[in-house]
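Working through the structure, step by step
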Amino acid sequence: TRSLTITSVDQSMFEKAQGEKVTLPCTFELSEEDEGPLDIEWVLIPADNQKREQIIIMYAVDRIYNHYYAAMTGRMQFTNLDPKSGDGSLDILNLKAADTGTYQCKVKKAPGVQSKKIQLTVLVKPARTKCSIEGSQEIGKDVTLKCVSQEGSPLLSYDWRRVSGTQDLPATSMLNKNTGELLLKNASREYSGTYNCVASNRVGTDECSVELNVTPPVNTAGIITGAIIGTLLGLSVLCSLIFCCCKKHREKKYEKEVHHDIREDVPPPKSRSSTARSYIGSNRSSLGSMSPSNMEGFTKTPYSQVPSEDFERAPPQNPAFAPSKVAAPNLSRMGAVPVMIPAQSKDGSIV
């Protein structure tokens, strides 16, 4: 007995890039003996056999049901809006890496039943490829150019080419296409220039560039010597500043201690004004005790000068005669009459 037949048997494997669109074919022909209702189902067969198949979209009783698989909601549809015409192909839009899997188309119209499996692989194009240089860019040194893509499905392949100057890579270069490393041994000035790396897989490419500048060796000995000298100078300046600060601090501390160190056993010095007042007062007392006959000799003594504090300690003019100093009581308090005290005139006579 003749029954329905799936006619799309040409391609059973598809490789697409992420973000692209794919059409999974499923065309069929019905037979006159197939009298039951037409059902078309697309299911996703999991890689784990322990899991159940997941219905993606279905056509039954002249209606389309596409709410079974949330991961593809809004991204899948029947290619033909009327699948009963014999075209039950499925369109998947904006492909993602998670869409990779085995899809099966089932067509039922009793008593006929047919199915077809299609393998879909969603690959990610190389993206965010970065180039870098590892090693010292000095003449005679080994330099490694690195290239790596942050995104991209395996198997990724890397290839380097020189952009500036000659297009050929240096003769001493060694390329690893799997890791993206280009080793330049015993670099020379001629190696300088722009290098370009191309990362590729089965669905796309991406590239990056790097600038190599090979220079003469750096005088490291001079740099180290200069650094040592600079460090020593800096330390010496720092030590000098610390010494000056400490010295200044000690001087301030010493001045403060001397300023506040008041000795109780030393009497305060006499003021000049008090000495002068005591001298004038003593002479006035002497004036009051003298008689008019003795005033002539006394007036000859000069009073225009104020004696200093050392007046009482000055030696007498005539060493042969030293008048005794008698402490006279305060007569004004005792009510006694003033008594004349002998004094020595300029010519040495006693008055």
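See above for the structure.
A quick note: this is a predicted structure, and the numbers were derived from the prediction, not measured. (Residues numbered from 1 in each chain as written. Predicted model: local features only at pLDDT ≥ 70, side-chain atom pairs only at ≥ 80, totals over all residues. Heavy atoms only, no water.)

This next bit is on the state of the cysteines. The bond known as a disulfide is covalent and runs between the sulfur atoms of two cysteines. Evaluated as defined, the whole model comprises three disulfides. In this model, Cys26 is linked to Cys105 through a disulfide, with the two sulfur atoms separated by 1.9 Å. Here the S-S torsion is close to -70°, and the disulfide linking Cys26 with Cys105 is therefore left-handed. Here Cys26, found in the loop between strand 3 (22-24) and strand 4 (28-29), pairs with Cys105, found in strand 10 (residues 101-109); they are 79 residues apart in sequence, far enough to count as distant. Among the residues examined, Cys105 registers a relative accessible area of 0% and is labelled buried. Here Cys147 pairs with Cys197 through a disulfide, and the sulfurs are 2.1 Å apart. (Disulfide = S-S within 2.5 Å. Helix = DSSP H or I, 4+ residues; strand = E, 2+ residues; numbered from the N terminus. Buried < 20%, exposed > 50% of the residue type's maximum accessible area, 1.4 Å probe, protein only.)

Right, let's talk about the sheet that holds strand 13 (residues 143-151) for a bit. One open sheet holds the four strands; their spatial order is 12-13-16-15, and the pairing between them is antiparallel. Bordering the open sheet on either side are strand 12 (127-134) and strand 15 (173-176), each of which pairs with just one other strand. Averaged over all neighbouring strand pairs, the angle between strand axes comes to 10°, with direction disregarded. With seven bridges joining them, strand 12 and strand 13 adopt antiparallel strand pairing. Its bridge partner being in strand 13, Glu134 is matched across the sheet by Thr144. (Pairing = 2+ DSSP bridges. Axes fitted to C-alpha atoms, helices over the stretch in contact; angles between N-to-C directions.)

Core analysis: the biggest nonpolar cluster contains 27 residues, and Leu24, Trp42, Ile56, Ile92, Tyr103, Val107 and Leu120 have the highest contact counts within it. Ranked by the residues each element gives to this core, the list is headed by strand 5 (residues 38-45), at four residues. Excluding anything up to four places from it in sequence, Val107 contacts Leu4, Ile6, Cys26, Phe28, Leu38, Asp39, Gly112, Val113 and Gln114. In this structure, Leu182, Ala187, Tyr195 and Cys208 belong to the second largest nonpolar core, which totals 18 residues. (Core = buried A, V, L, I, M, F, W, Y, C linked by side-chain atoms within 4.5 Å. Contact = heavy atoms within 4.5 Å.)

With that settled, the discussion passes to the environment of Ile56. Here Ile56 shows up in strand 6 (residues 54-60). Accessibility expressed as a relative area gives 0% for Ile56, which makes it buried.

As a further point, take the environment of Asn213. With respect to the helices and strands, the residue Asn213 is situated in the loop between strand 18 (204-212) and helix 1 (220-260). Note on Asn213: relative accessible area 46%, which makes it partly exposed. Spatially, the C-alpha atom of Asn213 lies 4.7 Å from that of Ser192, the residues being 21 residues apart in sequence. If we skip the residues at most four places from it in the chain, Asn213 touches Gln137 and Ser192.

On the surface, Ile224, Ile228, Leu232, Leu235, Leu238 and Ile242 cluster together into a nonpolar patch covering about 580 Å² of accessible area. Within the fold, Ile242 resides in helix 1. Here Ile242 falls in the partly exposed class, since its relative accessible area comes to 47%. (Patch = residues over 30% accessible without salt bridge, like charges linked within 9 Å, V, L, I, M, F, W, Y side chains within 5 Å. Areas by Shrake-Rupley, 256 points an atom, 1.4 Å probe, with all protein chains shown as cover. Salt bridge = Lys/Arg side-chain N within 4 Å of Asp/Glu carboxyl O.)

The linkage connecting Ala110 with the following residue, Pro111, adopts the cis geometry, with an omega of 5°. With respect to the element layout, Pro111 can be found in the loop between strand 10 and strand 11 (112-123). Following Pro154, the chain continues into Leu155 via a peptide bond in cis, with omega recorded as 5°. Residue placement: Leu155 occurs in the loop between strand 13 and strand 14 (157-162). Of note in this structure, Asn94 is not a glycine but carries a positive phi near 45°. A positive phi angle, near 50°, is found at Arg128, a position not held by glycine. Here Arg128 lies in strand 12. Residue Arg128 is classed as exposed on the basis of its relative accessible area, which comes to 53%.

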